[in-house]
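Residue-level listing of the chains:
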Amino acid sequence: MANHKIAILRGDGIGAEIMDATIGVLDAVCIRFKHKFDYTFPLIGGEAVDNEGVPLPQETVDVCKKSDAVLLGAVGGPKWDSLASHIRPEKGLLSLRSALGLYANIRPIVLYDDLKNASPLKNEILKNGVDITFVRELTGGIYFGTRGYRDGTLGQEAYDTEAYSVKEVERVARVAFQIAEGRRGKVTSVDKANVLESSRLWRATVARVAKDFPKVELENMYVDNAAMQLIKNPSKFDVILTSNMFGDILSDEAAMLTGSIGLLPSGSVGDGKRGLYEPIHGSAPDIAGKDAANPIATVLAAAMMLSTSLGLHEETGYIESAVRKVLAKGYRTPDIYTAGTKKVGCEKMGELIALNILNA
Ligand code: NAD
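None of these values were measured; they are calculated from a predicted model.

(A) Focus on the nonpolar core. Counting 84 residues, the largest nonpolar core has Leu71, Phe177, Leu241, Leu306 and Ile353 as its most contacted members. Ile353 has contacts with Val25, Ile296, Val299, Ala322, Val323 and Val326, leaving out every residue within four places of it along the chain. Core analysis: the next-biggest nonpolar cluster, separate from the first, contains 14 residues, Val70, Val75, Leu93 and Leu102 among them.

(B) Highlighting unusual backbone geometry. Here Lys34, not a glycine, exhibits a phi torsion of approximately 55°, which is positive. Tracing the chain through its elements places Lys34 in the loop between helix H1 (15-33) and strand S2 (36-40). Among the residues examined, Lys34 registers a relative accessible area of 60% and is labelled exposed. Positive phi is not limited to glycine here, since Ala284 has a value of about 40°. Of note, Ala284 is situated in the loop between strand S12 (275-279) and helix H10 (296-308).

(C) Structural view of the sheet that holds strand S3 (residues 69-74). Strand order in the open sheet formed by ten strands is S2-S1-S3-S12-S11-S4-S5-S10-S8-S9, with mixed pairing between adjacent strands. What marks the edges here is a single partner per strand, and that holds for S2 and strand S9 (217-222). The mean inter-strand angle of the sheet, taken between neighbouring strand axes irrespective of direction, is 25°. The pairing of strand S5 (residues 131-137) with strand S10 (residues 239-242) spans four bridges and is classified as parallel. Of the residues in S10, the one forming a bridge with Arg136 is Thr242.

(D) Region of the structure containing helix H3 (residues 58-65). Along H3, the positions that sit buried rather than exposed are Thr60, Val61 and Cys64. The arc that holds the buried residues of H3, viewed along the axis, is 100°, so those residues lie on one side. Exposed residues pointing more than 90 degrees away from the buried face of H3 are listed as Gln58 and Glu59. As for H3, its buried residues are in contact with strand S1 (3-11), S3 and helix H4 (89-99).

(E) Examining helix H11 (residues 313-328) more closely. Between its first and last C-alpha atoms H11 spans 23 Å; for 16 residues at 1.5 Å apiece the expected length is 22 Å, and the two agree. All of the buried residues in H11 are Glu315, Thr316, Ile319, Ala322, Val323, Val326 and Leu327. For H11, the angular spread of the buried residues around the axis is 130°, confining them to a single face. Elements that come into contact with the buried residues of H11 comprise H1, H10, strand S13 (331-332) and helix H12 (346-359). In the segment just after H11, Gly330 is the residue with positive phi, at about 95°.

(F) Structural view of the site of the ligand. Among the 20 residues in the neighbourhood of the ligand, the closest are listed as Val75, Glu90, Gly282, Ala284 and Asn294. In this structure, an oxygen atom belonging to the ligand sits 2.9 Å away from a main-chain N or O atom of Val75. Within the backbone of Asn294, a nitrogen or oxygen atom sits 2.9 Å from a nitrogen atom of the ligand. When the ligand sits alone it has 800 Å² of accessible area, and the protein chains cover 68% of it. Of the residues contributing to the shell around the ligand, the split by class is nine nonpolar, seven polar and four charged.

Parameters at a glance
- Residues numbered from 1 in each chain as written.
- Predicted model: local features only at pLDDT ≥ 70, side-chain atom pairs only at ≥ 80, totals over all residues.
- Heavy atoms only, no water.
- Core = buried A, V, L, I, M, F, W, Y, C linked by side-chain atoms within 4.5 Å.
- Buried < 20%, exposed > 50% of the residue type's maximum accessible area, 1.4 Å probe, protein only.
- Contact = heavy atoms within 4.5 Å.
- Helix = DSSP H or I, 4+ residues; strand = E, 2+ residues; numbered from the N terminus.
- Pairing = 2+ DSSP bridges.
- Axes fitted to C-alpha atoms, helices over the stretch in contact; angles between N-to-C directions.
- Arc of directions from axis to C-beta.
- Expected span 1.5 Å × (residues − 1).
- Near = heavy atom within 4 Å.
- Polar contact = N/O pair within 3.5 Å; in protein donor to acceptor, adjacent residues only side chain to side chain.
- Areas by Shrake-Rupley, 256 points an atom, 1.4 Å probe, with all protein chains shown as cover.
- Nonpolar A, V, L, I, M, F, W, Y, C, P; charged D, E, K, R; others polar.

Set out below in structure tokens:
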């Protein structure tokens, strides 16, 4: 029996629906394994802007820091799109990741056998499966470098700067190698070392870290080639380690291999055990309140949270297996529905997964 504090940040749009379905699944885990999870529900995003005037109230940061793990729905929506960038809902999430010191984003991309038809790729390319884990550097690189406008030789120009320190690369590389040790033992480090100085430092640093993990094979790949190989031969990848911007782009490309962003979780971790877990999708305002959202990405984010931050590995296995079984029985939310399968809403999908855990 374990007792854990979990901060639940519902956020905006479909956030509340997918989170209610996920709490139902976590409740089933608690019953099955006699655990006790204490939930708190601090505000973030648009809801926090409406109630507190800022997208990340200090109280939310304090509650998250006192929790063992943080589970987030999604933030943002058209209602807040015209706000200044420092009080937009998305800023709340970026600030929370940085306040919690989370520098590595882990994003598993798994294609379920029962959903192969949802993938845009041909079956012959998918025959060896897709099971890739992205490890993306989250708090450095061009998204955080110096930027601005200046006078150039052709008139006004804008610039952004990509900069990486050895320390930043080392710590995220360690996360990637540790994950690869527990998987198929291969890290593909993606960079643009033929052009960028920051990539050359990245490559040299990753090679040094690799020496501490002799059982893991290291492969280096240029980002343009990686973009091609993900479509041509996705099964060749195990763990992909890459920078903030390359990871942002490539992991979205890879997400499409599975057919729906409603299925994919992600977790962000730092030096301690505490992490932030969330679906990779946004707040989907177009379907909010219609019971049409797929809760599986958030349910799988909760599963990641249990093993990565709370050390509850068996429980993670139960959730992942319940998701597979429900999909194998033909239940589908609208985003993954195809003729001949059984269409269900967000709430029902959560109930089916929870029931499967209770009856497993
Ligand atoms: P989105 O991911 O919200 O939606 C893109 C498309 O995917 C939409 O058609 C939506 O209906 C669908 N979709 C998303 N999640 C789904 C789910 N669980 N089940 C079924 N269908 C799903 O991206 P967007 O439309 O570009 O952004 C909407 C808002 O979300 C914006 O305000 C954006 O800034 C924000 N956003 C937030 C996050 C986050 O909180 N981490 C991430 C991305 C976007």
